[in-house]
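As a plain string of letters, each chain reads:
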Amino acid sequence: MPPDQRTLDHLSLSRDEYARIVDLLDREPTDVELGMFGALWSEHCGYKNSRPLLKTFPGDGTAVLTKAGEENAGVVDIGDGLAVAFKIESHNHPSAIEPYEGAATGVGGIVRDIFAMGARPIALLDSLRFGPLQPDAETPREVAARNRHLFTGVVAGIAGYGNCIGIPTVGGEVGFSPSYSGNPLVNAMCIGVGRIDRLVKARADGPGNLLMLVGADTGRDGIHGATFASVELDESSAERRPAVQVGNPFLEKLLMEACVQLTGEHGDWIVGLQDLGAAGLTSASVECAAKAGTGIIVDVAKVPRRESGMTPYEVMLSESQERMLVIVKPQHEADVRAHFEHWELHCATIGIVTDDRLVRIRDGDVEVARAEARLMTDAPAYVRDAERPRWLSDLQAFDFATLRNLGSGDGRVDGAKPHSGSSTRGASGPAGGVRRTESGPGPRPDDVLLALLALPEIASKRSVWRQYDHQVGTNTVVGPGSDAAVIRIKGTAKAIAASTDGNAAYTYLDPYAGGAIAVAEAARNVACSGARPLAMTNCLNFGNPEKPAAYFQLKEAIRGMADAARALAVPVISGNVSLYNEANGEAIWPTPVVGVVGLLEDAARAVPSRFCCEEALVFAVGAEPETSDLAGSEYLRLTQGRVAGRPRIDLAVAERLQRLLLAAASEGLLRSAHDVSTGGLAVALAECCLGGIGVAGDDALPLARRLDAALFGETQSRVVVSCDPAHAGRVRRIADAQALPLVRLGTTGGDHLRFGPLDVAIDALSAAYEGGLPAALG
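Given the structure is predicted, the values throughout are model-derived calculations rather than measurements. (Residues numbered from 1 in each chain as written. Predicted model: local features only at pLDDT ≥ 70, side-chain atom pairs only at ≥ 80, totals over all residues. Heavy atoms only, no water.)

Draft legend 1. How the structure looks around the overall build of the chain. Within the chain, the regular secondary structure consists of 26 helices and 27 strands. Since a compact globule built from 778 residues should have a radius of gyration of about 28 Å, the 26 Å found for the chain is in line with a globular shape. Of all 778 residues assigned to the chain, the portion counted as buried reaches 63%. Restricting the contact set of the chain to residue pairs at least 6 apart, pairs at least 24 apart contribute 85%. Carbon together with sulfur atoms contributes 48% to the accessible area of the chain, which is approximately 26300 Å² in total. (Helix = DSSP H or I, 4+ residues; strand = E, 2+ residues; numbered from the N terminus. Rg over C-alpha atoms; globule rule 2.2 N^0.38 Å. Buried < 20%, exposed > 50% of the residue type's maximum accessible area, 1.4 Å probe, protein only. Contact = heavy atoms within 4.5 Å. Areas by Shrake-Rupley, 256 points an atom, 1.4 Å probe, with all protein chains shown as cover.)

Draft legend 2. Local environment of the confidence of the model for the chain. Looking at the chain as a whole, its pLDDT mean stands at 91, while 92% of the residues score no less than 70. Every residue in residues 408–439 scores below 50 in pLDDT, and together they form 98 contacts with partners more than four places removed in sequence or on other chains. (pLDDT = per-residue confidence, 0-100.)

Draft legend 3. Inspection of the pairing of strand β3 (residues 120–130) at higher detail. Most of β3 is tucked away, with ten of its eleven residues classed as buried. Here β3 pairs with strand β5 (residues 185–195) via nine bridges, running antiparallel. The residue bridging Arg 120 from the neighbouring strand is Val 193, located in β5. When β3 meets strand β4 (residues 169–176), the two strands line up parallel, connected through seven bridges. (Pairing = 2+ DSSP bridges.)

Draft legend 4. Molecular detail of the environment of Ala 682. Mapped onto the elements, Ala 682 comes out in helix α23 (residues 680–689). It is 8.4 Å that separates the C-alpha atoms of Ala 682 and Leu 758, two residues lying 76 residues apart in sequence. In contact with Ala 682, other than residues within four places in its own chain, are Leu 449, Leu 711, Phe 712, Leu 753 and Leu 758.

Draft legend 5. Main features of the packing of helix α7 (residues 99–115) against helix α8 (residues 141–165). It is the contact of α7 with α8, at a shortest axis distance of 7 Å, that shows an interaxial angle of 40 degrees. As for how α7 packs across α8, the hand of that crossing is right-handed. Residues Pro 99, Tyr 100, Ala 103, Ala 104, Val 107, Gly 108, Val 111 and Arg 112 of α7 pack against His 149, Leu 150, Gly 153, Val 154, Ala 156, Gly 157, Ile 158, Gly 160, Tyr 161, Gly 162 and Ile 165 of α8. Class assignment for the residues of the contact of α7 with α8 results in twelve nonpolar, six polar and one charged. (Axes fitted to C-alpha atoms, helices over the stretch in contact; angles between N-to-C directions. Left-handed = near helix turned anticlockwise from the far one by under 90°. Nonpolar A, V, L, I, M, F, W, Y, C, P; charged D, E, K, R; others polar.)

Draft legend 6. Representation of the nonpolar core within the structure. Counting 58 residues, the largest nonpolar core has Val 111, Leu 128, Phe 151 and Phe 340 as its most contacted members. With eight residues, α8 is the single largest residue contributor to this core. Ignoring sequence-local partners within four residues, the contact set of Phe 340 consists of Val 214, Ala 258, Cys 259, Leu 262, Val 326, Leu 345 and Cys 347. Counting residues in each nonpolar core, the second largest holds 49 residues, with Leu 11, Val 32, Met 36 and Ala 289 among its members. (Core = buried A, V, L, I, M, F, W, Y, C linked by side-chain atoms within 4.5 Å.)

Draft legend 7. The sheet that holds β3, seen in detail. Strand order in the open sheet made by the five strands is β1-β2-β5-β3-β4, with mixed pairing throughout. At either end of the open sheet lies a strand with only one pairing partner, and these are β1 (74–79) and β4. Strand after strand, the sheet turns through a mean of 15 degrees between neighbouring axes, direction not considered. Relative to β5, strand β2 (residues 82–90) is paired through nine bridges, and the arrangement is antiparallel. Note on β5: the bridge partner recorded for Ala 83 is Gly 194. Here α8 sits on the sheet in contact with β3, β4 and β5, set at roughly 180 degrees to β3.

Draft legend 8. Geometry of the packing of aromatic side chains. Under the criterion given, the structure shown has eight aromatic pairs. Plain terms: the ring middles of Trp 391 and Tyr 508 are 5.1 Å apart, the flat faces sit at 25 degrees to each other, and that makes the pair stacked. With Trp 391 in helix α15 (residues 390–396) and Tyr 508 in helix α18 (residues 504–509), the pair connects residues that are 117 residues apart, well separated along the chain. A relative accessible area of 8% places Tyr 508 in the buried class. An aromatic cluster is present here, built from Phe 130, Phe 151 and Phe 176 joined pairwise through their rings. Sitting over the face of the ring of Tyr 382, Arg 384 holds its NZ or CZ atom 4.5 Å from the ring centroid. (Phe/Tyr/Trp six-rings, centres within 6.5 Å; stacked < 30°, edge-to-face > 60°. Lys NZ or Arg CZ within 6 Å of the ring centre and 35° of its normal.)

Draft legend 9. The arrangement of unusual backbone geometry in detail. Positive phi, normally seen in glycine, also occurs at Ala 569, with a value near 55 degrees. Within the fold, Ala 569 resides in the loop between α20 (548–568) and β17 (572–578). Using a relative accessible area of 52% as the deciding quantity, one classes Ala 569 as exposed. The backbone of Glu 615 sits at a positive phi, close to 65 degrees, despite the residue not being glycine. Along the chain, Glu 615 turns up in the loop between β20 (591–600) and β21 (617–622).

What follows is the structure, encoded as structure tokens:
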């Protein structure tokens, strides 16, 4: 009997998709088969709405060893027989229901993806988004209170899991907008290092090889987690609480060490390794068989359980954490079992690889599912209608000439408290907190700078990352708070640099430009550290793709990201798509998050982002500022309470700037490098001063026609660098060779930021910057 619509909705299947399953099987599916198809055909596992778009990403590169989607993580060659594996994934919906466990198990899952490759995880980064932390015009008091609850729970979950397993959380970002109030974003990235000749694939090769399940016993937690991640959130979402997994980081630590040792010392005992993440045993076993072109027999009666009375359906779809599927050569079954028992891990043989390409699930002597592996993994692919939103043209056409320019010192910025981290969804209406005066001179630049530094969007995230152990493992060269984290590779002079970036306001205003900017900024941050960007991973957080406006945003953002990836030679080697990020019909801002990893041949040449010595010359290099750089800026949100304009980026300039940074760093010319991004040039200079060394601007400053755009416009592909006076000529010659303007801004020294009309003590800058987020949290 066909299932009712409620059942199909719970499985994230349409009526047409159910009919297709019946056609493929030539019969009605069993309950177990239907659950397995639903999980594997969900957006979370099957990428049915995004797969055609993802094919446009460039994936080839001289250092690339894997193709995106083929393995648990992407892998690049860093020389000396070593490889770096990395990936970013989302755990958005679970974190909206159970913030601590949702975030914690998101960390656990991405860590398993890395050691499933045979690499040792050495670093974590995260990219987080929340609604405003304090009430404002768009955020009622109870909503702000829930946002604070989600914020503290997510941060605690990341810290609790990462600290326990001994992997440093070395970087990340946090953003705020009312669009995330009902649907926070939790994206976790993990990086690992391993030997190329010891990497492992997630394939069930070799008929006769055994399927062994290792780690935690299977329970009812996480059932339908994959399909839960493929639907919108609404008032009934709390009923899905059982779909949120529960983690045990201490068990994960044992599992990680056991698997790393197994692949490193006894790799010839096994042919494949796969973690049990979304869709649990269903995804792990079926996808391994499909990739290898083989079949499998799984007996669920042999799966160790921690709850009595579990059905085959529940066993196959459970997403209990800390479990791995190992494809073992039969002659080494006892060796593998003894190895895991040495680590006090439960290990059970639950199946066998066959040569008939069939997935057969048994419960003892009773067969409960039978289908070809490729049918289960070959989810339908949809190319949806894309429609540019009508409101977008009005936002992009905003006339910045209507804005009152900054005052010369007798204006003021209203508002006595730091901004709550809010922003508007649309084109008009103040966002709350500080804003411009309605008459008289414009606000004073000093006041604007201090107000911007206190915004949770810009302010120090020290209260977040101080909860993370970012030094465990003793490999962290540069940790949180810098443009990019830098982690040394033990036993070599090398280091890797990594950054996660994404600005949803830009993508909201222009999806193509926003996607391109996300890639360019992540690559630029890595280049600022002196590292050569090698490749990227991404997490695409968007709304319901069945809505034409949301699909337009997804399609255009991917197009922009692909163009930027090609221009900057950063191929896409892994990633994740998280769609249906909507709460009660309201979509989040489109949020592509990009993680870029780069290589430093000499860790000692890592370039800091803050001024580190006095009497160094300070320059701005890259694109020249324009009034349009106020588009989507924090300045506009702060002073006007609106998000408007059309962001821009010249990818040719971005590529030449990257070349300049790498050339200057390789020659040891730079004392510091910090990119101009959120908050503009003034905020970038202030952040450079926060190490305790100020800057004195030159008398004749080449500021743009509009002072607000010059100071607070978020010009893309621009970096603040400092160098010894003796090296200034060489830096200028490199800039000339790349046809990039190099503008002298001043000289480091003193305890003030003095630049143009700005004159602020470092102590005041630090107080605003360090106090913003704690004040918003109350």
